[in-house]
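Chain by chain, the residues:
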Amino acid sequence: MPGIEPKKTIKEISPIDVYKLLPKTNCRECGEANCMAFATRVVNGELSIENCPPLANEEYRSSYEKLLHLMAPPVRMVVVGTGDHAIRIGGKYVLFRHDFTYHNPTPIAIDVTDDLPEEERAARVKLICEFSYNYIGRDLHVDAIAVRSTQHDPTAFASAVNAVANKTDLPLILCTYDPVIMAAGIAHVKDRRPLLYAATRDNWKEMAELAILYNCPLVVSAPQDISLLRSLTKTLVDYGVSDLVLDPGTAMEPNLATTIHNFSQVRRAVFQEHDELLGFPLLGTPITAWFSQEISPNVLQWKEACMASMLISRYADLLILHSLEGWVLLPQLIWRFNIYTDPRKPVSVDSGVRIFGSPTRTSPVLITTNYALTYFTVESDIKSANIDCYLIVVDTGGISVESAVAGRYLTAESMAHALRDYNIADMVDHRYLIVPGLAARLSGDTEEASGWHVIVGPKDSSGIAGLLKARWPPKEQ
Amino acid sequence: MVDESRKGKEKEGEPVSIPSLLSLLSGVEKLEFCNFSMKIGDLEFWIPTGSFPVSTCAPAQEKTKPHALIPQTFSPPHEEFTGRIHEVTLGATRSEGGSRGKSLVIGGADAPPFVYTNKPPAHPPVFALDVFDMEVPLPKVLKSGLGDVMGDPAEWARLNVKKFGADMVSIHLMSTDPLIRDTSPADAARTVEDVLQAVDVPLIIGGCGDPHKDAEVFTKVAEVAAGERVLLNSVTLDMTQAKTLEGVAMAAKKYGHAVLGFTGLELNKAKELNRRLYEYLPPESIVMDLTTVALGYGLEYSFTIHERARYAALMGDTELQHPTISASTNAWAAREAWMQMDAQYGPRELRGPLWETLNALTLLFAGIDLFMMMHPAAIRTLKDTVQMLMQQDAALPDQIAHWATMKI
């Protein structure tokens, strides 16, 4: 639009840009020392402008709106569900993770169809809700349920939606192309802000009416047709629906190439060419892997897993899967956790001595590197085995044991120094150091440099408990 | 319309004041302006509130709601890249001075991987399978598929090529490690010769990581494999410190091999190493290993550094315009790949190979040109996927287009 400055990218926005629009009263209601500190954290993506309470006052309305515009991500953020379980999807500021950081980790939804017998349905919902994995101290789980109408019957769909909703607080995605069936389903969950799947070339007006009536976000489906996707988006936005999610079509086999090209081009169009009609979250549906000629369930699950993982890497903001197998879900949950970590944050933890449980003067002393993932893995293994011990964390510049040994960031000398600098000899009466199995080659030199005996630990810290059981307390040498 | 008779009472061209305008308009129901202009700031709108619900889906003005689809078009973004990845040839046929059945070219990319239909990779990624020159501890799932080839690198290489479809074989001369068996460069050279005899695919020759020993081994191997254009895995900045880099690079040059520069997740180090190598070797003889970390143990660092490197190279950073390699075998370092876990996480016979597969697929999208892999199912999936990614698709099958209501 003429007269309006082109919007700045997140990298171009300075704290001053934000500060200028804040109340500038340094009231500290946000918890920060002053408005400038608050502005800096907003620009870093650590706080949002909603964290400034005074901005809600009428007198700041115009500043607030300018801030909203300034900080709006090129890929809109859409909220599905309500309350604690609500999921935020999209809200992307950059194409490349290394340019800033990705926000709102890709939620994973599992489908439940309305043709399942009641008991089977209940069991499936229970499995979906209960699946979890503790990864470096965090519980990873599935985020939403997609209820699909395969009976093509409003009553069946309504009763399935109702039954699922009664069993879980997870956000719901209601899937049907028939507005009548959609209306029947939505009536049972109208306060839960489900995501409606989907508006198409044929039903967009009726679906738009439902989205407006119930204030729900709406998926736009244009299978492998980006022009149609843009047409539908333009039409729906003009119609008054702005919380849209885009489904450009997912196909593992055939049409994988088109799938990956389309996801990539849609996102690049937003960031390279400022295409506002495509600036909405992307829905990927690896579940489509199940609609192939293949009959072996393991092969289908394998293909679905590959598709899901590829789409997490290629810009999907929300996924719908069918497999509930742990071997399929585990790598997805871990990968989406990983790729959404902040690449600007240091990859290391502080060096020093960590105390676990209530160690005594005869408790074991272990040593590891300060690479965050190494440390958290070791920490979680020690904790889950309830081991009382000292763990020395050596500064290896945030590099894992294997690479640190190879790159000489972890050496006999650095381990001897750590023992001395942290006065470990004052903490325990014995002189035994347990080194990581991947640092086994350093054991001789370490004994020489430190005067301590070295016990070679397991290559993977899951073996620490077993090692201690077999080798601790050590027999006198 | 303003009554014509009233118009003349005002002086021509003089502005009309608001009160007089209002008096002028008394009794008039409809007004038409001619040659009228005003600034938006002068206007005050009164919008009634309360009559429609406040919602995040702000209803557009009723009368502007479209009744039909508003057609829009799409053309892929126009991105221009000035940089191009060097092409590196691996392996040499008889006519090229070696004895391989065929040589392979990696690199050549001039666009981001798998984004544009009209810009497919210049050369599809290549897949090598690993062979060790001694018995090594391997996860059960990997070991069980190997039968009794462990300890027999030639037989193992044959299995990798004949049965598992490897494009290349990657030999790890682990036994040369001074801290393991400290076998001699001559022994290592014999192993390499055996493998060259057993298979006719190009080879990657892996050392033990010791900058002194590797230099001796690589120099010897380079000589006995003269003309075969093997990839020496790897040369490092440690070798510059140990003052052994020059010897290896010169041997590679003299006997016609390529080198793999290994650095640990740091682009400046990778560039520094390349600068050193340019003193001895043409860029067409250098491949980069920026480090592959296992999924769950830091794959995101590998993914991001490869995306950064490739993008910088395409944008014109000449010190990063080299094909990249990924040791996806490293995926097996993750306990989730090899460990027996609670039943809800499924059998490791599926979990492990999938782990390696997803590790490689992720880095495929970051632009990797050559993969070193281990599990047959992983290499097969990667090859199938690359093939699918490079083919011309037909129309989408209807049941996929309408998946939402299809029964499984």
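Rules and cut-offs
- Residues numbered from 1 in each chain as written.
- Chains lettered and ligands numbered in written order.
- Predicted model: local features only at pLDDT ≥ 70, side-chain atom pairs only at ≥ 80, totals over all residues.
- Contact = placed C-beta atoms within 7 Å.
- Helix = DSSP H or I, 4+ residues; strand = E, 2+ residues; numbered from the N terminus.
- Buried ≥ 20, exposed ≤ 12 C-beta atoms within 10 Å, placed from the backbone.
- Domains from an automatic or database assignment.
- Axes fitted to C-alpha atoms, helices over the stretch in contact; angles between N-to-C directions.
- Parallel < 35°, antiparallel > 145°, perpendicular 65-115°, else oblique.
- Left-handed = near helix turned anticlockwise from the far one by under 90°.
- Nonpolar A, V, L, I, M, F, W, Y, C, P; charged D, E, K, R; others polar.
- pLDDT = per-residue confidence, 0-100.
- Pairing = 2+ DSSP bridges.

Tell me what's going on with the interface of chain A and chain B, and back it up with residues and numbers.
Between chain A and chain B, the residue contacts involve 85 residues of the former and 72 residues of the latter. Secondary structure elements with two or more residues in the side of chain A that touches chain B: β8 (195–199), α7 (204–214), α8 (226–239), α9 (256–273), α10 (297–313), α11 (326–339) and α13 (401–406) of chain A. It is α9(A) that provides the largest number of residues to the side of chain A that touches chain B, a total of eleven residues.

Outline the environment of B:Lys162, listing residues and values.
Here B:Lys162 shows up in helix α4 (residues 153–162). Residues B:Lys162 and B:Val199, 37 residues apart in the sequence, show an inter-C-alpha distance of 8.8 Å.

Talk me through the environment of A:Ile49; I want residue IDs and the actual numbers.
Residue and element names in this part refer to chain A. One can find Ile49 in the loop between α2 (35–43) and α3 (61–71). You can call Ile49 partly exposed: it has 19 C-beta atoms within 10 Å. When sequence neighbours within four positions are dropped, the list of residues in contact with Ile49 reads Val42, Leu55, Leu67, Leu68 and Met71.

Go over the domain arrangement of chain A with me, naming the residues and quoting the values.
Each assigned domain of chain A is listed with its residue range as follows: domain 1 (15–71), domain 2 (77–339) and domain 3 (352–471). With centres defined by C-alpha atoms, the gap from domain 1 of chain A to domain 3 of chain A works out at 45 Å.

Before we move on, can you summarise the packing of helix α6 (residues 179–186) of chain A against α7(A) with the specific residues and values?
All names here are of chain A. α7 packs onto α6 with a crossing angle of 15° between their chain directions and a minimal axis gap of 9 Å. Accordingly, the angle class assigned to the pair α6 and α7 is roughly parallel. Here α6 runs over α7; the crossing is right-handed. Along the contact surface, α6 presents Pro179, Met182, Ala183 and Ile186, while α7 presents Glu206, Met207, Leu210 and Tyr214. Here the residues of the contact of α6 with α7 are counted per class, giving seven nonpolar, no polar and one charged.

A description of the confidence of the model for chain B should follow, citing residues and the corresponding values.
All names here are of chain B. Considering every residue of chain B, the mean pLDDT works out to 88; 85% of them sit at 70 or more. Predicted confidence for residues 1–16 stays below pLDDT 50, and this span has eight contacts to residues more than four positions away or in other chains. Considering only residues more than four positions removed or in separate chains, one finds that residues 18–22, a stretch of pLDDT under 50, has one contact.

Residues and numbers for the sheet that holds strand β7 (residues 258–262) of chain B, please.
Residue and element names in this part refer to chain B. With parallel pairing, eight strands are arranged side by side in an open sheet as β8-β7-β6-β5-β4-β3-β10-β9. The open sheet has two free edges, formed respectively by β8 (286–289) and β9 (325–327), since each of these has just one partner strand. On average, each strand axis in the sheet is inclined to that of its neighbour by 25°, with strand direction left out of account. Here helix α8 (residues 245–255) sits on the sheet in contact with β6 (231–235) and β7, set at roughly 165° to β6.

Now, about unusual backbone geometry: what can you tell me, with residues and values included?
The omega angle of the peptide bond from A:Trp472 to A:Pro473 is 0°, so this bond is cis rather than trans. Note on placement: A:Pro473 falls in the segment after α17 (464–471). Residue B:Ser234 is reached from B:Asn233 by a cis peptide bond, and omega for that bond is 10°. Relative to the elements of secondary structure, B:Ser234 occurs in strand β6.

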